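# Structural features, examined
Chain by chain, the residues run as shown.
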Amino acid sequence: MQSASRGFSAMERLALLSRDDSGATAIEYGLIAALVSVAAIAALGAMGDSLNSIFGVVSTELGAAATTATTTTP
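Attention here is on the structure that accompanies the text.

The rules behind the values
- Residues numbered from 1 in each chain as written.
- Predicted model: local features only at pLDDT ≥ 70, side-chain atom pairs only at ≥ 80, totals over all residues.
- Heavy atoms only, no water.
- Helix = DSSP H or I, 4+ residues; strand = E, 2+ residues; numbered from the N terminus.
- Buried < 20%, exposed > 50% of the residue type's maximum accessible area, 1.4 Å probe, protein only.
- Areas by Shrake-Rupley, 256 points an atom, 1.4 Å probe, with all protein chains shown as cover.
- Patch = residues over 30% accessible without salt bridge, like charges linked within 9 Å, V, L, I, M, F, W, Y side chains within 5 Å.
- Salt bridge = Lys/Arg side-chain N within 4 Å of Asp/Glu carboxyl O.

Turning to the overall build of the protein chain, a few remarks are in order. If you tally the helices and strands in the protein chain, you get two helices and zero strands. Considering the protein chain as a whole, with its 74 residues, one finds that 1% of them fall into the buried category. Taken as a whole, the protein chain presents about 6300 Å² of accessible surface, with 68% of it coming from carbon and sulfur.

A surface patch of nonpolar side chains, amounting to about 690 Å² of accessible area, comprises L44, M47, L51, I54, F55, V58 and L62. Checked against the element boundaries, I54 lands in helix 2 (residues 22-72). With a relative accessible area of 46%, I54 lands in the partly exposed category.

In structure tokens, the structure reads:
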């Protein structure tokens, strides 16, 4: 931007700067990436709680089956 503004007055430089939107796309992509990250963290957190519950039930059932198998063996 500096080379494009040489030879311009301060007001013309301000006008050029106000029309420059090259950083807007990068900011938009950054906001989209942040939103996707927040959604992924929330989804993985909920899925983690569900998986913890499922594996807790499996562990309990396997423990009960192992206890039953060892007590009924002659």
